[in-house]
Amino acid sequence: AQSVSQHNHHVILSEAASLELGCNYSYGGTVNLFWYVQYPGQHLQLLLKYFSGDPLVKGIKGFEAEFIKSKFSFNLRKPSVQWSDTAEYFCAVNARTNAGKSTFGDGTTLTVKP
Amino acid sequence: GAVVSQHPSRVICKSGTSVKIECRSLDFQATTMFWYRQFPKQSLMLMATSNEGSKATYEQGVEKDKFLINHASLTLSTLTVTSAHPEDSSFYICSARDRVRGGVTGELFFGEGSRLTVL
């Protein structure tokens, strides 16, 4: 079975600060990796995903994530955060052999102070 | 992007009654839908996998007789909380997998969630 660990439960940053949210997963096989975001009062939506190819993935709103297979990691980054990035961020993984069933991390609450 | 709609967004009911929550994929066909429960400040807990035209697959510890799931068509899945009790109060979220766009990666499209409060 796969599992996902997000190291930061709550991150508080000032605008223009750089962001890195950690995500590690455990699974021995090939995986698809995702970051989802939940803005206050809104539903979860996809931020970016890794399926294959370039391990550095670029998503919406200037976010990117790097898949490091040797470290089982898929950390999310943004060079300069904005107040509007305040949200809950979830890392998720599914096994390539069972691509529908995703496992989610506990989530990281990001608060960006204006 | 693909749109998934959940209804109702909020529901309050008395203990012992049943509540039905609908999850619809509006612009795509979803052979598979998932139902989650989200507790405050916690992650999404997968409750069950709903496959069109077949019985749902429940995760360990989830009572299938209490949380009835029906996936009668490619665009609709329903979750019925039967004989609800206060401990069932939670935020329930559905997601759907687009058979065309999510067939390989398993990307999920989420509904808005339904806040259930059982008095």
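(A) Local environment of the overall build of chain A. Along chain A, the regular secondary structure elements total zero helices and 12 strands. For chain A, the succession of helices and strands along the chain, N to C, is β-β-β-β-β-β-β-β-β-β-β-β. Computed over C-alpha atoms, the radius of gyration of chain A comes to 13 Å, within 12% of the 13 Å expected from 2.2 N^0.38 for 114 residues, which places it in the range of a compact globule. Viewed in the frame of its principal axes, chain A has a C-alpha envelope of about 45 × 25 × 20 Å. The burial tally for chain A puts 47% of its 114 residues in the buried class. Taking the contacts inside chain A whose residues are at least 6 apart along the sequence as the reference set, 56% of them involve residues at least 24 apart.

(B) View of the overall build of chain B. Helix and strand counts for chain B come out as zero helices and 11 strands. Over its C-alpha atoms chain B spans a radius of gyration of 14 Å, differing by no more than 12% from the 14 Å that the globule rule assigns to 119 residues. The principal-axis extent of the C-alpha atoms belonging to chain B is close to 40 × 25 × 20 Å. Taken over 119 residues, chain B has a buried fraction of 53%. Of the side chains in chain B, 13 bear a positive and 11 a negative charge, and the two mean positions are spaced by 3 Å.

(C) Structural view of the interface of chain B and chain A. With 19 residues of chain B in contact, the opposing surface of chain A contributes 19 residues. Interface area, chain B with chain A, both sides summed: about 1600 Å², of which 59% is carbon and sulfur. Joining chain B to chain A, the criterion identifies zero salt bridges. The tally of links between chain B and chain A comes to three residue pairs in polar contact (both at pLDDT 80 or more).

(D) Seen up close, the layout of surface pockets. If you add up the space inside the largest pocket, you get close to 590 Å³. Surrounding the largest pocket, 25 residues form its lining, Gln38 and Gly41 of chain A together with Gln38, Phe91 and Arg115 of chain B being those nearest its centre. At the level of elements, strand E10 (87-95) and strand E12 (108-113) of chain A are the ones that each hand at least two residues to the lining of the largest pocket. Of the residues assigned to the lining of the largest pocket, the class counts are eight nonpolar, 12 polar and five charged.

(E) The arrangement of the state of the cysteines in detail. Residue and element names in this part refer to chain B. A full pass over the atoms with the stated rule returns two disulfides over all chains. Between Cys23 and Cys94 runs a disulfide, and the two sulfur atoms are separated by 2.0 Å. For the disulfide bridge between Cys23 and Cys94, the dihedral angle about the S-S bond is near 75°, and by the sign convention the bridge is right-handed. With Cys23 in strand E3 (residues 19-25) and Cys94 in strand E9 (residues 90-98), this pair connects stretches of sequence that are 71 residues apart. Each member of the pair, Cys23 together with Cys94, is buried. Between Cys13, a cysteine without a disulfide, and Cys94, which holds the nearest cysteine sulfur, the sulfur-to-sulfur distance is 18 Å.

(F) Quick look at the nonpolar core. Leu19, Leu33, Trp35, Leu48, Phe74, Leu76 and Tyr89 of chain A are the most contacted members of the largest nonpolar core, which has 28 residues in total. When residues no more than four places from it in sequence are discounted, the contact partners of Leu33 of chain A are Tyr25, Leu48, Lys49, Tyr50, Phe67, Phe74, Ala92 and Val93 of chain A. With 26 residues, the next largest nonpolar core counts Ala2, Val11, Trp35 and Leu116 of chain B among its residues.

(G) Main features of the sheet that holds E3 of chain B. All names here are of chain B. Taken together, the four strands give an open sheet; going across it, the order is E1-E3-E8-E7, and neighbouring strands pair in antiparallel fashion. Each having just a single partner strand, strand E1 (4-7) and strand E7 (67-73) make up the two edges of the open sheet. Between one strand axis and the next, the sheet turns by 15° as a mean value, whatever way the strands run. By the bridge criterion, six bridges tie E3 to strand E8 (residues 76-81) in an arrangement that is antiparallel. Considered in E8, the bridge of Lys20 is made with Thr80.

Cut-offs applied
- Residues numbered from 1 in each chain as written.
- Chains lettered and ligands numbered in written order.
- Predicted model: local features only at pLDDT ≥ 70, side-chain atom pairs only at ≥ 80, totals over all residues.
- Heavy atoms only, no water.
- Helix = DSSP H or I, 4+ residues; strand = E, 2+ residues; numbered from the N terminus.
- Rg over C-alpha atoms; globule rule 2.2 N^0.38 Å.
- Buried < 20%, exposed > 50% of the residue type's maximum accessible area, 1.4 Å probe, protein only.
- Contact = heavy atoms within 4.5 Å.
- Lys, Arg positive; Asp, Glu negative; His and termini not counted.
- Charge placed at Lys NZ, Arg CZ, Asp CG, Glu CD.
- Buried area = accessible area lost by both parts, 1.4 Å probe.
- Salt bridge = Lys/Arg side-chain N within 4 Å of Asp/Glu carboxyl O.
- Polar contact = N/O pair within 3.5 Å; in protein donor to acceptor, adjacent residues only side chain to side chain.
- 1 Å grid on protein atoms, 1.4 Å probe; cavity = no way out; pocket = protein on both sides within 12 Å on 5 of 7 lines; lining within 4 Å.
- Points joined across faces, edges and corners; volume = space filled by probe spheres on them.
- Nonpolar A, V, L, I, M, F, W, Y, C, P; charged D, E, K, R; others polar.
- Disulfide = S-S within 2.5 Å.
- Core = buried A, V, L, I, M, F, W, Y, C linked by side-chain atoms within 4.5 Å.
- Pairing = 2+ DSSP bridges.
- Axes fitted to C-alpha atoms, helices over the stretch in contact; angles between N-to-C directions.

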